[in-house]
Amino acid sequence: MAFRTTSRMKRTPMFLAYCLSLLSGLSALGQTDTIPPASVDPELMAIYESKIPRKYTIADIKVTGNQKFDAAIVISVSGLSVGDEVTIPGGDNFSKAIGKLWSQNMFTNINIYITRLEGRNIWVEIAAVERPMLSDFRFKGIRKGEADELKDKVGLFKSRVITDNMRMSAVEAIEKYYVEKGFQGIRTKINDIPDPSAPGRLILEFEVDKGSKVRIDELHFFGNQSVDEAKLKKKMKGTKERMRFTLTPDSVWSPYGQVRRLPKEDFLKGWKFLVPTEALKYIEPWFRFKFGSAKFNEKKYREDKEKVLDYYNSLGYRDAVIAADTQYYDKSGQLNVALRVDEGRRYYFGKIAWKGNTKYPDSILNMLLGINRGEIYNLETLNKKLGKQLSPEGGDISSLYMDNGYLFFSVDPVETSVYNDTIDHEIRITEGPQATIKNINIEGNDKTKEYVIRREIRTLPGEKFSRADIIRTQRELSQLGYFNQEKIGIQPVPNQEDGTVDINYTLEEKSSDQLELSAGWGGNIGLTGTLGVTFNNFSIRNIMRKEAWDPLPSGGGQKLSLRYQSNGRFFRSLNFSFTEPWLGGKKRNSFTVSVFNTRFSNALNPFTGFFDRNYADSSFLNTSGASIALGKQLKWPDDFFSLVYTLSYINYTARNYAIFPTFSTGNSSNLNLRIAISRASVDQPIFPRSGSNFMLSAAFTPPWSSFLGVNQSDIYKLVEYHKWRFNAEWFVPLGKARGEDKSRQFVLRFAAKYGFMGRYNKDIPISPFERFQVGNAGLTNNFGVLGYDIIAHRGYPVYQVSDPTVNPDLQRASNFFTIFNKYTLELRYPFVTNPSSTIFGLAFYEAANGWYSFKQWNPFELRRAVGVGVRFFLPMFGLLGFDYGLGLDAITPTGRLRDASKFTFMLGFEPE
């Protein structure tokens, strides 16, 4: 706090001792000038020397020292205003004003002076020293890549006021970044550099000394009598020692056994490309080398110690402790970590008694608990069986009660006796009353109509609360595809006074419509364009309302699809479909109608051998068709089952278009009824993590030859066949979910598919229509208009020979299978899961083949392939996929592995 004299009036320090006592260190931030009392205006000093507090009126307020902030803003923040009455001494108006200004972190020093006194009027001056603003920031002493990563982590923004807290937060972020990378002894110095182009602004230069990177050379456990050291090391996933290999003249050994048997020269030659270059420096003359990061992270080390104890507890050693641990450097300067474990004794479950259960008898609870006397004690298993850790799968005690309305249920396991190595428990249950659902509240559906959401909700007002219904509702809302599946919120709000519960559903809409707009060039037929739109949340109810067209009526939960593809007279395709998932609005009965027309023209000029538009009508294949489908949700065996009936009619008209050897000109009709029963229980449609899909279908045409006879001259006029399909796939999550939203998790997908096509009459061949095209990425050629089922087989082209020893690349497939088998194993991992896009990678193993009769069929004679791929799901464009497959059974003329690989592309749908 400073005060100075002017020519006539003196500026008197506010609350010279008074303010210092109230604000402690605040005023001490300013510089203090000691002025002799004789130089101070006696009238101004008398204000503070008076023993009787007096009231004064602020006549004027002046702000000095402000450069960036307007004086009116400073006065407004201080809370002072002209006309205010202040009490001196004893008042707190000025101390509060300093506190308010200081809390803004805009100033490094704040003083308030009284510069003039006339009667009871005083003139006040607020002297403030502003903090500098950030002009830019940079890093010194680190690599450019590290600096780029740190820019997003330090939380600095240009043109913001530089505060002490900002500096400390940035330094902490830098040090945390390098600690996580295994560095220790990090030091960061901040250099303030004035910006010559902007007065009052600073450039912050962070001079970083990363210290030394600490790697763990060896990790040791002591005192572990019952558990092998290797198992304990596996639990310390964040604290790993370096891998080491020892070389003898004819073999390679590791601490865990023999790795590989090689001569020394081959060993070094082979491993040179399998380990990082920097790892080679750890080769200890021809005999041993060590490699791997094995960085030491203090936070992960503490977490790993807890994992070790959890592992001991799961084995029954509930008293296990880490008695001591240390980190030390050996003579070579390498870090070693040692832990001493006190295992204690191993415990077993004893008697388990139930108390407080009136709804279910002990026998049912014991059966569901599944823990018998004499089993190894495991507290985690006990809590999981009791439902202390709720899981979507259910099957625990809490789920049993909560699925029957007991929302207020609680369970508490109590150890009643510990003798020798046995622990007795009493499971104390508080059942509480059954809760009734009172209100269902929905928020966030800006586009989708509320009735569309409510018909998917299984929790209905007036019914008993059920945890299983909530989980099922979440799945049904995800399956709609209208909402961000990661942001679906379900919050039960219980009211114990009246035994009811309100359930609040919070949703986040996402775009579900898709647009397809593409063009391609073919060497002979020229430019081909495609325009397709799919409205997955269409509303036919509002089609007559003009205000609902934005651009089309939406929110009704219906699906409308239109696709047109053409390149003029050579090729044209038009498809239209409409689906109502709730026909009548009361039950989940789906209704779908679709029509299509496709025309292929050969248009080959017989004289030139090139395509010619003038010959487009001389050779063509025209396919027209329509179908109607009715679906019904079943309640038995459970309501995941559905039954769909589809009636289809397709007409083929050909002129000089050699589809089959005996059919180039004429008409053919395909009338068939398809019945499909399916069960779908996956948790979400785009990237399923759990659940399964099953489908069994059969398609039948009338047995025309049985009552019309066989017309050998026009055998394909009325197509007849029976066709059977079976598809099954399972999704299994692996490990624990990671990420802030718990969406990062490996998922294993296993799929098996089977198809068979037969005939009614042995006197006619099996229909060439509706067969199975196997190979490639699920795309088709011109034969796709004949209704073929497209079975993708990555790593191979489309093939027509069952023998795996025949090179598929040498085939020109035009005859397709009547039987096929396919098996797929995929390991998936999501990279991005949000409303705007879903991206996941996969590695696959696939085996498939096709045959023409049961005599040829051999389910073990399969073409195998392995590979990797990536999938992009964009709401506007649907699915986009790339795969690189290696055909393990592909025989190539060169014998080289790369010649047996295929790069495949898919758009719009996941191939079968």
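Further up the page is the structure itself.
What you see is a predicted model; the values in this text were computed from it and never measured.

> Even after reading the chapter, I still don't get a positive patch on the surface, so can you show me in this structure?
A contiguous patch of positive charge on the surface is contributed by Lys231, Lys234, Lys235, Lys237, Lys240, Lys736 and Arg738. Of all elements in the fold, only α7 (229–235) and β33 (722–738) reach the threshold of two or more residues within the positive patch. Among the elements that make up the positive patch, the one with the highest residue count is α7 (3 residues). Among the structural elements, Lys240 can be located in the loop between α7 and β12 (243–248). Look at Lys240 and you get partly exposed, because its relative accessible area is 48%.

> In this structure, what is going on with the nonpolar core? I would like to understand it.
Soluble globular proteins tend to pack their nonpolar side chains together in the buried interior. Counting 33 residues, the largest nonpolar core has Ile659, Phe660, Phe769 and Leu786 as the members making the most contacts within it. Residue assignment for this core shows that the elements contributing at least two residues are β30 (641–655), β35 (772–774) and β36 (789–791). Contacts of Leu786, omitting those with residues within four sequence positions, involve Leu621, Tyr652, Ile659, Phe660, Phe769 and Glu770. In this structure, Ile58, Ile61, Ala97 and Ile98 belong to the second largest nonpolar core, which totals 28 residues.

> Explain the side chain of Ser135 to me, please; I cannot follow it from the model alone.
For Ser135, the location among the structural elements is in strand β6 (residues 133–140). A distance of 2.3 Å separates a polar atom in the side chain of Ser135 from a polar atom in the side chain of Asp195. When residues no more than four places from it in sequence are discounted, the contact partners of Ser135 are Lys158, Asp195, Arg201, Leu202 and Ile203.

> Would you explain helix α3 (residues 71–78) in this entry?
Think of an α-helix as 3.6 residues a turn; residues three or four steps apart then line up on the same face. For α3, the full list of buried residues reads Val74, Ile75 and Ser78. In an axial view of α3, the angular spread of the buried residues amounts to 95°, which keeps them on one side of the axis. Every exposed residue of α3 that faces more than 90 degrees away from the buried side is listed here: Ala72 and Ser76. Structurally, α3 contributes buried residues whose contacts are with β2 (54–64), α4 (93–103), β4 (107–118) and β5 (121–130). Near the N-terminus of α3, the side chain that reaches the backbone nitrogen of Ala72, with its oxygen 3.0 Å away, is that of Asp70.

> What is the right way to read the environment of Ile75 from this model?
Along the chain, Ile75 falls in helix α3. A C-alpha to C-alpha distance of 7.7 Å links Ile75 and Ile61, two positions 14 residues apart in sequence. Ile75 has contacts with Ile61, Val63 and Leu80, leaving out every residue within four places of it along the chain.

What counts and how
Residues numbered from 1 in each chain as written. Predicted model: local features only at pLDDT ≥ 70, side-chain atom pairs only at ≥ 80, totals over all residues. Heavy atoms only, no water. Patch = residues over 30% accessible without salt bridge, like charges linked within 9 Å, V, L, I, M, F, W, Y side chains within 5 Å. Areas by Shrake-Rupley, 256 points an atom, 1.4 Å probe, with all protein chains shown as cover. Salt bridge = Lys/Arg side-chain N within 4 Å of Asp/Glu carboxyl O. Lys, Arg positive; Asp, Glu negative; His and termini not counted. Charge placed at Lys NZ, Arg CZ, Asp CG, Glu CD. Helix = DSSP H or I, 4+ residues; strand = E, 2+ residues; numbered from the N terminus. Buried < 20%, exposed > 50% of the residue type's maximum accessible area, 1.4 Å probe, protein only. Core = buried A, V, L, I, M, F, W, Y, C linked by side-chain atoms within 4.5 Å. Contact = heavy atoms within 4.5 Å. Polar contact = N/O pair within 3.5 Å; in protein donor to acceptor, adjacent residues only side chain to side chain. Arc of directions from axis to C-beta.

The analysis is restricted to geometry; functional conclusions fall outside its scope.
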